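What follows is each chain in one-letter form.
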Amino acid sequence: MAATVRRQRPRRLACWALMAVLLADLLALSDTLAVMSVDLGSESMKVAIVKPGVPMEIVLNKESRRKTPVTVTLKENERFFGDSAASMAIKNPKATLRYFQHLLGKQEGNPHVALYRARFPEHELGFDPQRQTVHFQISPQLQFSPEEVLGMVLNYSRSLAEDFAEQPIKDAVITVPAFFNQAERRAVLQAARMAGLKVLQLINDNTATALSYGVFRRKDINTTAQNVMFYDMGSGSTVCTIVTYQTVKTKEAGMQPQLQIRGVGFDRTLGGLEMELRLREHLARLFNRQRKGQGAKDVRENPRAMAKLLREANRLKTVLSANADHMAQIEGLMDDVDFKAKVTRAEFEELCADLFERVPGPVQQALQSAEMNLDEVEQVILVGGATRVPKVQEVLLKAVGKEELGKNINADEAAAMGAVYQAAALSKAFKVKPFVVRDAVIYPILVEFTREVEEEPGVRSLKHNKRVLFSRMGPYPQRKVITFNRYNHDFNFHINYGDLGFLGPEDLRVFGSQNLTTVKLKGVGESFKKYPDYESKGIKAHFNLDESGVLSLIRVESVFETLVEDSPEEESTLTKLGNTISSLFGGGTTPDTKENGTDTVQEEEESPAEGSKDEPGEQAELKEEAEAPVEDTSPPPPTEPKEAAVPEEEKATEKENEEKPEAQKPSEKKEAGSEAAPPAPEEEKKQKPARKQRMVEEIGVELVVLDLPDLPEDELAHSVQKLQDLTSRDLEKQEREKAANSLEAFIFETQDKLYQPEYQEVSTEEQREEISGKLGAASAWLEDEGFGATTVMLKEKLTELRKLCHGLFFRVEERKKWPERLAALDNLLNHSSMFLKGARLIPEMEQIFTEVEMTTLEKVINETWAWKNATMAEQAKLPATEKPVLLSKDIEAKMMALDREVQYLLNKAKFTKPRPRPKDKNATRAEPPLNASASDQAEKVIPPPGQTEDAKPISEPEKETAGSEQADTEPLELEGPGAEPEQKEQPTGQKRTLKNDEL
């Protein structure tokens with residue numbers, strides 16, 4: 001039996017090894033499932049991650065801070081990010097780039113470009129004639145576009161997230177201001193492509209904040225609508241948002257909470273940066289006034305001094321938020337002259353008086369766009385760092401007319417937490433509780449086209465048409481289709497912004513071009529020639545406003561239809577096949593319409609033309625003019641999630657399309673009946689197979705971008721390669737610095753160890769002198785030639801020194817390990833000997849270990865004792881300066897071998913069931929069956945008179961002997977059903993004793 005168990009052990013170990021490999025694969029798969037979010041602010045950014053076991057955590061940067069400055073310092077041979085770059089802003093202000101997001105999507109003539117030049121005159125902005133944009137000219141050899149600089153920051157944020165998560169990350173959700181237009185959003189997406197990030201969504205920062213607020217207050221949301229206003233004043237801009245929270249019924253998950261953006265107002269330049277610039281200008285005037293008459297230069301002409309003043313202004317603004325006055329002081333501001341001045345909160349408020357007057361503006365814009373009043377808003381919540389200024393809170397509280405302002409949200413991290421929750425919801429690796437998000441379109445988008453109309457007979461003129469594609473404050477993401485019915489040749493149409501009257505004159509100038517794209521269609525006439533016998537259903541243009549708020553033209557197609565007659569047998573077969581397939585996949589057309597909104601809108605636009613064949617021209621004209629507004633003017637139902645923006649229209653359209661063919665069939669039957677007698681049933685079956693056949697021809701599209709041309713693919717690839725080269729250079733630089741630091745640290749540590757007693761004990765004077773000489777030479781080489789040495793040279797030098805010192809270090813380490821290892825070995829030997837002694841004392845009838853197993857353990861114990869004594873005796877003869885023969889790895893190997901034998905026996909004792917006693921065996925075999933009666937038992941136990949007692953016992957011992965052998969091999973089958981009653985019958989006791997004696 002012991003041999004059988006030992007043969008099974010390798011199989012059992014192999015199974016465990018296979019399970020360990022599979023578990024490791026699963027863990028490795030789960031380690032690649034992390035996603036991140038980047039709350040990209042004007043002054044700083046917050047990065048958050050979600051990974052298995054870590055739900056929604058803010059990433060700490062290298063300085064262990066939760067907030068990282070959005071600052072980049074670019075030099076000829078190195079880059080700095082975050083706090084390191086912020087500290088470099090004073091030493092090298094020209095190469096340190098900040099607030100560059102204000103230039104994204106802006107052409108050279110934009111007022112924001114001029115404002116950036118005025119705020120930061122130390123930066124040289126070059127001109128890109130191809131895209132009419134600007135770029136940073138660091139040096140004649142170094143120039144970077146704002147998208148490239150943002151790509152560097154995003155790549156740095158990913159490195160922070162990967163270091164924090166300890167795994168690679170590619171999926172991300174990035175926050176952008178709600179007022180970003182199409183050009184600005186596309187610029188952010190291009191920057192993310194340069195950084196190698198897969199953007200799951202560009203989420204508006206106000207939406208992310210509202211989502212974070214709702215997720216952590218899910219239980220407070222019910223069917224009653226709750227209107228909450230978020231007032232977000234950051235460093236560069238201010239956004240006010242009105243959000244409605246309530247639970248709605250979804251088809252996928254039942255009743256779920258929903259947030260809907262109802263109104264948005266913003267001010268692009270109102271923020272903490274403008275306040276700091278006012279303070280900087282005030283401090284510059286005070287410093288110039290102190291040095292008046294000394295013939296000194298204006299401090300404004302010194303970029304380093306202005307960088308120091310801006311940093312002090314930032315600190316001063318923060319301190320004045322909690323104090324009535326504070327002393328501004330800068331050591332060595334300019335020309336080794338210190339600056340010190342007292343600034344009060346009253347002076348600060350006077351400097352920013354016009355800014356505080358603009359605080360209520362976004363509130364009024366949000367109320368107007370939401371068509372609400374302040375009484376309907378239940379709470380006003382502050383978000384953003386600049387809202388900590390007391391005057392801002394005072395003016396805002398007066399504007400909203402509330403008792404107090406809500407401060408029950410993390411003003412700095414709310415957007416990052418909401419964005420990372422959305423990232424987890426969009427990722428396939430995580431399952432989160434549903435929270436429906438219905439964002440709103442800030443800038444309406446429409447389609448414009450021109451076509452010829454005949455107002456009078458023989459007089460044709462051009463008519464300009466506008467169709468609203470996505471209306472203001474309409475929900476997105478959403479897909480729309482516009483059908484052009486009066487064109488049978490190639491034509492153009494234009495995609496532009498709609499009515500922007502809610503923007504002021506200055507905001508319109510900052511907004512940029514109001515024309516988005518010109519679409520040139522090619523192949524329309526050829527499609528009509530290809531299908532001359534088909535009825536045209538128009539040219540259909542499919543548009544998509546995705547989750548990031550970016551508009552795209554999916555495709556343009558020409559649709560034709562005709563009636564085709566099939567045989568009844570063929571149609572019935574196809575119908576059966578279609579019904580079978582429908583039943584397999586859930587049946588009906590409703591699931592398809594849910595998944596693809598484009599198809600449902602397409603059906604909606606075709607339905608009017610089918611029912612009006614008498615006046616096709618008039619119907620086509622009405623359809624072309626009215627079909628797009630039909631989609632926009634009907635608001636989506638409040639009980640539907642964001643994915644189903646037009647489900648009610650789709651359902652109504654499907655019903656109409658199903659009812660109209662039914663209505664047409666009776667009319668056809670009536671017309672046929674007026675001409676002839678009622679048809680026979682066979683004739684009716686022949687008329688039914690007539691069906692509609694649709695042909696779709698793809699139309700060629702040429703897009704001419706009018707607002708801001710995207711980077712061509714070759715230039716984008718060049719930018720990607722440039723950023724990758726910079727990243728590789730930074731990694732190589734870090735690797736070289738690491739190698740140099742490792743070499744220098746090894747030299748100093750080893751030189752110090754040579755004088756320590758434990759190292760002198762195991763080395764001779766000559767060995768120490770040799771090592772010391774090599775270390776001194778390496779130190780001199782590092783000081784003289786180390787600056788020009790490559791990473792490979794530094795690593796080779798370190799490897800050479802480690803090889804030289806390996807023997808010394810090995811002898812010291814072994815002597816340090818001996819006491820602990822030997823004590824553990826002695827302890828294991830003693831316990832094993834005690835265990836073996838106890839195992840041999842077990843009675844033979846209860847013994848669970850075989851003699852082979854105990855002999856094997858005894859052999860291992862004796863061999864281990866002998867090896868230990870012999871090795872220690874041999875080691876005692878060797879000098880301490882020689883390589884030891886008693887090695888810690890050999891001690892560990894002996895311990896593992898001995899422990900393996902002991903553990904095997906312990907496991908066997910743990911899982912082995914005890915054997916029954918011999919008397920139970922005899923009683924069991926002598927017991928009658930359960931169904932035997934009491935009289936039968938009495939007859940078998942007590943022999944009748946006249947019968948000898950030796951008659952039966954002759955054959956019974958053989959049966960019981962066989963039973964006892966079976967019991968030794970199969971313990972689970974020992975206990976019989978009637979053992980206890982048999983023991984109670986005293987008359988048979990003597991006979992049992994005789995049988996045992998015979999056995």
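Not measured: the values here are computed from a predicted model.

Rules behind the numbers
- Residues numbered from 1 in each chain as written.
- Predicted model: local features only at pLDDT ≥ 70, side-chain atom pairs only at ≥ 80, totals over all residues.
- Heavy atoms only, no water.
- Patch = residues over 30% accessible without salt bridge, like charges linked within 9 Å, V, L, I, M, F, W, Y side chains within 5 Å.
- Areas by Shrake-Rupley, 256 points an atom, 1.4 Å probe, with all protein chains shown as cover.
- Salt bridge = Lys/Arg side-chain N within 4 Å of Asp/Glu carboxyl O.
- Lys, Arg positive; Asp, Glu negative; His and termini not counted.
- Charge placed at Lys NZ, Arg CZ, Asp CG, Glu CD.
- Helix = DSSP H or I, 4+ residues; strand = E, 2+ residues; numbered from the N terminus.
- Buried < 20%, exposed > 50% of the residue type's maximum accessible area, 1.4 Å probe, protein only.
- Contact = heavy atoms within 4.5 Å.
- Pairing = 2+ DSSP bridges.
- Phe/Tyr/Trp six-rings, centres within 6.5 Å; stacked < 30°, edge-to-face > 60°.
- Lys NZ or Arg CZ within 6 Å of the ring centre and 35° of its normal.

(A) Inspection of a negative patch on the surface at higher detail. Where like charges cluster on the molecular surface, the negative patch consists of Glu-744, Glu-783, Asp-784 and Glu-785. Here the negative patch takes 3 residues from helix H24 (residues 765-785), the largest share from any one element. Its location among the elements puts Glu-783 in helix H24. For Glu-783, a relative accessible area of 57% corresponds to the exposed category.

(B) Highlighting the side chain of Asn-181. Mapped onto the elements of the fold, Asn-181 is located in the loop between strand S11 (171-176) and helix H5 (182-194). Exposure remark for Asn-181: the relative accessible area of 5% places this residue in the buried category. Each residue touching Asn-181, except ones within four places of it in the same chain, is listed here: Tyr-443, Tyr-497 and Phe-511.

(C) Here's a closer look at the pairing of strand S27 (residues 551-564). When strand S26 (residues 535-545) meets S27, the two strands line up antiparallel, connected through 9 bridges. Note that in S27 the partner of Phe-543 across the bridge is Leu-553. Pairing analysis gives 8 bridges linking S27 to strand S28 (residues 691-698), with the strands arranged antiparallel. Within the sheet, the bridge partner assigned to Val-564 lies in S28 and is Arg-691.

(D) Region of the structure containing the sheet that holds strand S8 (residues 125-128). Spatially, 3 strands are ordered S8-S9-S10 in an open sheet, and the strand pairing comes out antiparallel. Single-partner strands in this sheet number two, and they are S8 and strand S10 (143-144). Where strand S9 (residues 133-137) lies against S10, 2 bridges are found, and the strand directions are antiparallel. Counterpart to Phe-136 in the pairing with S10 is Phe-144.

(E) Region of interest: the packing of aromatic side chains. Inspection of the entire model under this criterion finds 27 aromatic pairs. Ring plane angle 15° and centroid distance 6.3 Å describe the contact between Tyr-443 and Phe-502, whose orientation is recorded as stacked. With Tyr-443 in the loop between strand S19 (436-440) and strand S20 (445-456) and Phe-502 in the loop between strand S24 (492-497) and helix H14 (505-511), the pair connects residues that are 59 residues apart, well separated along the chain. The ring of Phe-502 is capped by Arg-472, whose NZ or CZ atom sits 3.7 Å from the centre of that ring. The cationic tip of Lys-753 hangs over the ring face of Phe-809; the distance from NZ or CZ to the ring centre is 4.9 Å.

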